[in-house]
Amino acid sequence: MLVPTDMVGAQSKLMNQIDKFNTVQVSDRNIGVRKTIHDVCTVVQDMLKEVEAQEPRFISSLTEVNGRFDGLRVVSPTEFEVVLYLNQMGEFNFVDDGSMPGCAVLKLSDGRKRSMSLWVEFITASGYLSARKIRCRFQTLVAQACDKSAYRDSVKMMNDASEVKIRIREKYVVQITPAFKCNGVWPRSAAQWPSMTMSWPHPNLAAQVKMEGFDLLSKESIALQNKQSSTSMEGDAWIISLHEAENILMVGGARKKVLSMLKTIRDRHLDLQGNPVTVYILQTLMLYECEKHPREEEWEESHIGDRISGIIMQLISCLQCRRCPHYFLPNVDLFRGKTPASLDNAAKLAWRLIRELLTNSKAFENL
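Because the structure is a prediction, the values reported are computed rather than measured.

Basis of the calculations
- Residues numbered from 1 in each chain as written.
- Predicted model: local features only at pLDDT ≥ 70, side-chain atom pairs only at ≥ 80, totals over all residues.
- Heavy atoms only, no water.
- Helix = DSSP H or I, 4+ residues; strand = E, 2+ residues; numbered from the N terminus.
- Rg over C-alpha atoms; globule rule 2.2 N^0.38 Å.
- Buried < 20%, exposed > 50% of the residue type's maximum accessible area, 1.4 Å probe, protein only.
- Contact = heavy atoms within 4.5 Å.
- Lys, Arg positive; Asp, Glu negative; His and termini not counted.
- Charge placed at Lys NZ, Arg CZ, Asp CG, Glu CD.
- Axes fitted to C-alpha atoms, helices over the stretch in contact; angles between N-to-C directions.
- Parallel < 35°, antiparallel > 145°, perpendicular 65-115°, else oblique.
- Left-handed = near helix turned anticlockwise from the far one by under 90°.
- Core = buried A, V, L, I, M, F, W, Y, C linked by side-chain atoms within 4.5 Å.
- Phe/Tyr/Trp six-rings, centres within 6.5 Å; stacked < 30°, edge-to-face > 60°.
- Lys NZ or Arg CZ within 6 Å of the ring centre and 35° of its normal.

Draft legend 1. Quick look at the overall build of the protein chain. Along the backbone of the protein chain there are ten helices and eleven strands. The globule rule puts the C-alpha radius of gyration for 367 residues at 21 Å, and the 22 Å found for the protein chain is close to it. If you line up the protein chain on its principal axes, its C-alpha atoms span 75 × 50 × 40 Å. A total of 367 residues make up the protein chain; the buried ones form 49% of that total. When contacts within the protein chain are restricted to residue pairs at least 6 apart in sequence, those whose partners lie at least 24 apart make up 69%. Counting 46 positive and 43 negative side-chain charges, the protein chain places the averaged centre of each group 3 Å from the other.

Draft legend 2. Fine view of the packing of helix 8 (residues 304-321) against helix 9 (residues 340-359). Interaxial distance between helix 8 and helix 9 falls to 9 Å at its minimum, and their mutual angle equals 155 degrees. The angle between helix 8 and helix 9 falls in the class roughly antiparallel. In terms of crossing hand, the pair formed by helix 8 and helix 9 is left-handed. For the pair formed by helix 8 and helix 9, the contact residues are Ile308, Ser309, Ile312, Met313, Leu315, Ile316, Leu319 and Gln320 on the first element and Leu343, Ala346, Ala347, Ala350, Trp351, Ile354, Leu357 and Leu358 on the second.

Draft legend 3. Highlighting the nonpolar core. By size, the foremost hydrophobic cluster in this structure holds 103 residues, and its most contacted members are Val44, Leu129, Ile166, Ile308 and Phe328. With twelve residues, the single largest contributor to this core is helix 1 (residues 5-54).

Draft legend 4. Examining the packing of aromatic side chains more closely. Considering all chains together, one arrives at 13 aromatic pairs under this definition. Their ring planes at 65 degrees and their centres at 5.8 Å tell us that Phe58 and Trp119 sit as a pair that is edge-to-face. Remark: Trp119 occurs in the loop between strand 6 (103-108) and helix 2 (131-148) and Phe58 occurs in the loop between helix 1 and strand 1 (64-65); sequence separation between them is 61 residues. On the accessibility criterion, Phe58 (1% relative accessible area) is buried. We classify Trp119 as buried; its relative accessible area is 0%. Members of the aromatic cluster, connected to one another through ring pairs, are Phe58, Trp119, Phe122, Phe138, Phe180 and Trp238. Taking the ring centre of Tyr128 as reference, the NZ or CZ of Lys107 above it sits at 5.2 Å. The ring of Tyr85 carries Lys181 above its face, with NZ or CZ at 4.3 Å from the centroid.

Draft legend 5. Expanded view of the packing of helix 6 (residues 255-269) against helix 8. Their axes nearest at 10 Å, the elements helix 6 and helix 8 cross at an angle of 50 degrees. As summarised for this structure, helix 6 and helix 8 are arranged oblique, according to the angle between their axes. Considering the relative orientation of helix 6 and helix 8, their crossing is right-handed. Packed against helix 6, whose contacting residues are Lys257, Val258, Met261, Leu262 and Ile265, the element helix 8 presents Ile304, Arg307, Ile308 and Ile311 at the interface.

Printed below as a string of structure tokens:
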């Protein structure tokens, strides 16, 4: 098929703009984040060593492997989460019956004595390993570590009633989350994935994702907050995180480049009060975009502009419906806890972005 020369020229100009955007704005963001990560992790590693000295069950798992810190998640350029992987959960059964969206409980296996467990004092009378009890103990240890740390002049424990958060140099916020890694198993609440009707991902990639498994995080669930029929078990529940599984799906074509550009656009144009548009929401919408455009050629460099426009259009739709389903756990709404006003404001700004992208041939020069 012959393509008009003016279209070829326009496409070439767009790709040049995208290259420039990646070279300048995206690279600047990445360099800044990388430097911050190194500074933040140096402080957190020191704190976790102090925690481990006080309580050997909380062994620091924040290690650098091939330039990446295992367990570190970038929430925004000034906000991070460190997932601290705990040992020994073999004596517990994983119970995921769908009664608590996005959560599961760990119940002592039949015939196992509470006293045999490494985590004996955190097991409830009903035999559940309490996420809340472990977090409370960990919070106390981190508070003590803040006072003893070599960086104590620049580290403060934040007064968050439920989460373990520290502020570094009055600039960066780090949430430290105790967790268990569950490799080789797949949560029942994500059993519908992948759909038999989907042509993406390839069955081999889907099998790799399921083998990666998931993490169980000890943190507050927004989905369970303000629930009418709250039970004590909800405080004992663990949040299901499929972070690593999601990362496996981000490979191939220009997917990582698209995600890096979306993160940069978010930081520059959608970093709003109440944080209605998180990096995680954009990553989730990108996974849905992968389903809509399953062919690898649709993720080549020449289609980056289309993919970014498509994801921002999806974002607007979700903001207006006030619902963004988790990619693997559709009963979990990622907008839960966000105010309607913040979602409306984000929708207006996202509309402004999409108008710029669709009507201005030099849009990427101004983003």
